[in-house]
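Here's the letter readout for the chains.
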Amino acid sequence: MKAYSIDINVDVGEGVNNEAQLLPYVSSCNIACGGHAGDEESMKTVVRLAKQHSAKIGAHPSFPDKENFGRKIISISNSDLYTSMKKQVRALMRVLRKEHGVLHHIKPHGALYNLAATNKDTALVIIEVMKSIAMPIKLYVPYGSVIADLALQEQIPILYEAFADRNYNDDLTLVSRQKEHAIISNAEAVFEHVYRMAITQKVRTISDKDITIKTDTFCVHGDNPNVVDLVKNLSEKLYQNNIHIQ
């Protein structure tokens, strides 16, 4: 059987305090850095755990909106969004310097991530933040998105991300959390979802169609109620099927 390797990432530092249980089973993490959750102390704690488990470290900036956990689009100018994102990323970078860690990637959170997938102005703000950082870091983006195309045009290194615990529409957008069946909570269903995308480069959508998707990294949301069981089972089943997490 051909051997594959994939990256599994998890959103952390969001107040759930399950990082010690999750990080042994993943290869990268996205640390909340003050926009929707997180502060210096939580970032420091997660950075130390990530280093302990050799997980690649990413910044997880969002709309500055803790009230809605960054999951609603808010009214904000492009310049203010740029300033907020820079502030968030710099906050994590300061912690990394103190802890002798390395920033590997940026992955926008929630509504900001979803909006940048379709909205050019929002995507351009994120691109400008990436260009302002004086080192080569990667940007996690959805396949076929506006932000992916713009990043490629600007020669910003990207990794295509898919979601292990979320269902997809036919246009490769995520099924809204306001709708039934948006979140996949069954461990076996999560494995089958990831395995199909990793091996066939197809995703089974909510309308039961198989749509082409490219994937370099798979996200499991750290605030999914079943996330620890999901990640443990996913790690074990992938290994059994000759797919290595790295």
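Refer to the structure above for everything that follows.
This section reports on the structure supplied with the text. Since the structure is predicted, the reported quantities are computational estimates derived from the model, not experimental observations.

1. Concerning the overall build of the protein
In terms of regular secondary structure, the protein is built from eight helices and ten strands. On C-alpha atoms alone, the protein measures out to a radius of gyration of 17 Å, which is about the 18 Å that the 2.2 N^0.38 rule sets for 246 residues. When the backbone C-alpha atoms are referred to their principal axes, the protein occupies close to 45 × 35 × 35 Å. Of all 246 residues assigned to the protein, the portion counted as buried reaches 52%. Within the protein, counting contacts between residues at least 6 apart in sequence, those at least 24 apart form 68% of the total. About 11400 Å² of surface is accessible on the protein, with carbon and sulfur atoms providing 47% of the total. Between the centroid of the 28 positive side chains of the protein and the centroid of its 28 negative side chains there is a distance of 5 Å.

2. What about the pairing of strand S5 (residues 138-142)?
Among the five residues that make up S5, four are buried, leaving the element largely enclosed by the rest of the structure. As judged from the two bridges shared by strand S4 (residues 103-106) and S5, these two strands associate in the parallel manner. Each bridged residue has a counterpart across the sheet, and for Ile106 the counterpart in S5 is Leu139. Bridge analysis of S5 against strand S6 (residues 158-163) gives four bridges, and the strand direction is parallel. Paired with Tyr140 across the bridge in S6 is Leu159. On the question of chirality, the crossover connecting S5 to the parallel S6 by way of helix H6 (residues 146-153) is right-handed.

3. Things to note about the environment of Asp165
As for its position among the elements, Asp165 is in the loop between S6 and helix H7 (187-200). With a relative accessible area of 1%, Asp165 lands in the buried category. For the pair Asp165 and Gly110, spaced 55 residues apart in the sequence, the C-alpha separation amounts to 14 Å. Sequence-distant contacts of Asp165, that is, excluding residues within four places in its chain, are made with Ala182, Ile183, Ile184, Val190, Cys219, Val220, His221 and Asn224.

4. Considering a positive patch on the surface
A surface patch of positive charge is lined by Lys87, Arg90, Arg94 and Arg97. For Arg97, the position within the fold is in helix H3 (residues 78-99). We classify Arg97 as exposed; its relative accessible area is 55%.

5. Describing the packing of aromatic side chains
Following the criterion strictly, the structure yields three aromatic pairs and no others. Aromatic side chains Tyr113 and Phe163 sit 5.5 Å apart centroid to centroid with 90 degrees between the ring planes, which places their arrangement in the edge-to-face category. Within this pair, whereas Tyr113 is found in helix H4 (residues 110-116), its partner Phe163 is found in strand S6, the two being separated by 50 residues in sequence. Residues Tyr113 and Phe163 agree in their burial class; the two are buried. Over the ring of Tyr113 we find Lys107; its NZ or CZ atom is 5.9 Å from the centre of that ring.

Basis of the calculations
- Just so you know, the residues in each chain are numbered from 1, in the order the chain's sequence is written.
- For this predicted model, a pLDDT threshold of at least 70 governs which residues receive local features, and a threshold of 80 or more governs which side-chain atom pairs are given and counted, while totals over whole chains, interfaces and linings are taken from all residues.
- In computing side-chain values, all of the structure's heavy atoms are included and hydrogens and water are not.
- Here a strand is any run of E in DSSP of at least two residues, a helix any run of H or I of at least four, and the numbering for each starts at the N terminus.
- C-alpha atoms define the radius of gyration in this analysis, and the globule rule sets the expected value at 2.2 Å times the number of residues to the power 0.38.
- For each residue, the accessible area found with a 1.4 Å probe, counting protein chains only, is set against the maximum for its type, and the residue is called buried under 20%, exposed over 50%, and partly exposed in between.
- We call two residues contacting when some pair of their heavy atoms lies within 4.5 Å.
- Working definition of accessibility: Shrake-Rupley area with a 1.4 Å probe, residue cover restricted to the visible protein chains.
- This count recognises Lys and Arg as positive and Asp and Glu as negative, with His and chain-terminal groups excluded.
- Charge coordinates come from a single atom per side chain, which is NZ of Lys, CZ of Arg, CG of Asp or CD of Glu.
- For two strands to count as paired, DSSP must find a minimum of two bridges between them.
- Looking down the strands as they point away from the viewer, one classifies a crossover as right-handed if the path from the first strand across the helix to the second runs clockwise.
- Patch definition: residues with relative accessible area over 30% and no salt bridge; like charges joined within 9 Å; nonpolar side chains (Val, Leu, Ile, Met, Phe, Trp, Tyr) joined within 5 Å.
- A carboxyl oxygen of Asp or Glu within 4 Å of a side-chain nitrogen of Lys or Arg is what we treat as a salt bridge.
- Note on ring pairs: Phe, Tyr and Trp rings are taken, using the six-membered ring of Trp, and paired if centres are within 6.5 Å. Classes follow the plane angle, with under 30 degrees stacked, over 60 edge-to-face and the rest tilted.
- Only Lys NZ and Arg CZ are tested; either one counts as a charge over a ring when it is within 6 Å of the ring centre and within 35 degrees of the ring normal.

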